[in-house]
Amino acid sequence: MGLPSSFFSISVPLATTRIVQVAQLVRAGGVIAIPTDTIYGLACSAHSISALKRIRKIKGRSLRKPMAICLERVSSIPQVCDTHGLPDGLLSALLPGPVTVVLPRLRDDPLNRELNPNINSFGVRVPDCGFVQKLLWALRANQDPSLPDSDAADKDHPLVLTSANISGDMSTLCVEEFRDIWPLLDLVVDGGPICSSVNSGETIARAGSTIVDLCSVALRREYRVIRDGRLVIISILSGVWPLFFAVWCFLPLLNECIGERRLLN
């Protein structure tokens, strides 16, 4: 069964049964709202120029403010960003989970140049969220996720993911909180309220992902926390320590902080 042509809202279970159609909508340039492992987000194909323009217009977001992409697999990050010089296992220690890593663009950049033009780095996420993972699988495979993984395509289809709100407004934890922009979207996937597993109140619940700039790790063994998010423990590691040493020293704390985040499987 296909999807209606006009705007509508469906639950995560129903969207999951129609995941191929949802992926086709995204591939065709649709802009949709989805629940993630942190907050609700607006998503579109990174390959669609029209969708990129729409999502910025919906949010009122300046071209000077970059948007992140998300991928299905950590192993796919080197396909879209320069990971040269990063210690083995570093990205897998941070992802999947509520972290956005910022990395340099590749010299032969496979991503759409209309996405974050004149910016030489990218924020990349691998969300730990069942529905988002299924959508990314369907985008990559362009077929029913019940088929064997060996039948899927080799390369991930990057999905632009940004908060479901007007730029500058608070992030959203349920679909009713961004009701004003529903008519501008092609689909809203309602996963119910997103609850934080971190017992730190509403501020942390709405914080989104922790953003860590890894662009200087290869040259200077330094990193920078751009934004404290759900994974607030990373802020303790800010400074000039070699990132790999810091992550592995604090890995038990990171794992405890992340916890079991598969909220929407």
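Residues numbered from 1 in each chain as written. Predicted model: local features only at pLDDT ≥ 70, side-chain atom pairs only at ≥ 80, totals over all residues. Heavy atoms only, no water.

With respect to the overall build of the protein chain
Moving on, step 1. Secondary structure summary: the protein chain contains ten helices and ten strands in total.
Moving on, step 2. Expressed as a percentage of its 265 residues, the buried residues of the protein chain come to 54%.
Moving on, step 3. Partitioning the intrachain contacts of the protein chain with sequence separation of at least 6 by distance along the chain shows that 63% fall at a separation of at least 24.
Moving on, step 4. By element, 53% of the accessible surface of the protein chain is carried by carbon and sulfur atoms, the whole surface being about 12,000 Å². (Helix = DSSP H or I, 4+ residues; strand = E, 2+ residues; numbered from the N terminus. Buried < 20%, exposed > 50% of the residue type's maximum accessible area, 1.4 Å probe, protein only. Contact = heavy atoms within 4.5 Å. Areas by Shrake-Rupley, 256 points an atom, 1.4 Å probe, with all protein chains shown as cover.)

Focus: the nonpolar core
Moving on, step 1. I69, I77, V101, F178, L185 and L214 are the most contacted members of the largest nonpolar core, which totals 47 residues.
Moving on, step 2. Among the elements of the structure, β3 (40-45), α3 (49-59), α4 (77-80), α5 (90-94), β5 (99-104) and β6 (121-125) are those that each provide at least two residues to this core.
Moving on, step 3. The element that contributes the greatest number of residues to this core is α3, accounting for four residues.
Moving on, step 4. Within the second largest apolar cluster, 23 residues are counted, among which are F131, V132, A138 and L159. (Core = buried A, V, L, I, M, F, W, Y, C linked by side-chain atoms within 4.5 Å.)

Topic: the sheet that holds β6
Moving on, step 1. What the ten strands build is an open sheet, ordered β1-β8-β2-β3-β7-β4-β6-β5-β9-β10; its pairing is mixed. Since the sheet does not close on itself, it has two edges, and those belong to β1 (9-11) and β10 (224-227), each with one partner. On average, each strand axis in the sheet is inclined to that of its neighbour by 35 degrees, with strand direction left out of account.
Moving on, step 2. Judged from the four bridges that link them, strand β2 (residues 32-35) and β3 form a sheet pairing that is antiparallel. The partner of A33 across the bridge, within β3, is L42.
Moving on, step 3. Each of β2, β3, β7 (159-163) and β8 (187-190) touches helix α2 (residues 19-27); the most contacted strand, β2, lies at about 130 degrees to it.
Moving on, step 4. Strand contacts of α3: β3 and β7, with the helix running at about 155 degrees to β3, the strand carrying the most contacts. (Pairing = 2+ DSSP bridges. Axes fitted to C-alpha atoms, helices over the stretch in contact; angles between N-to-C directions.)

A word on the side chain of E72
Moving on, step 1. Following the sequence through the fold, E72 ends up in the loop between β4 (68-70) and α4.
Moving on, step 2. If near-sequence neighbours (up to four positions away) are discounted, E72 is found in contact with V126, Q133, L136, W137, R140 and D156.

Considering α2
Moving on, step 1. Every buried residue of α2 is listed here: I19, V22, A23 and V26. On an axial view of α2, the arc spanned by its buried residues comes to 100 degrees, and they lie on one face.
Moving on, step 2. Buried positions along α2 lie against α1 (12-17), β2, β3, α6 (130-141), β7 and β8.
Moving on, step 3. Immediately beyond the C-terminal end of α2, within one or two residues, lies G29, with a positive phi of roughly 105 degrees. (Arc of directions from axis to C-beta.)

A word on the environment of R179
Moving on, step 1. If you trace the backbone, R179 turns up in the loop between β7 and β8.
Moving on, step 2. Separated by 14 residues in sequence, R179 and N165 have C-alpha atoms that sit 9.3 Å apart.

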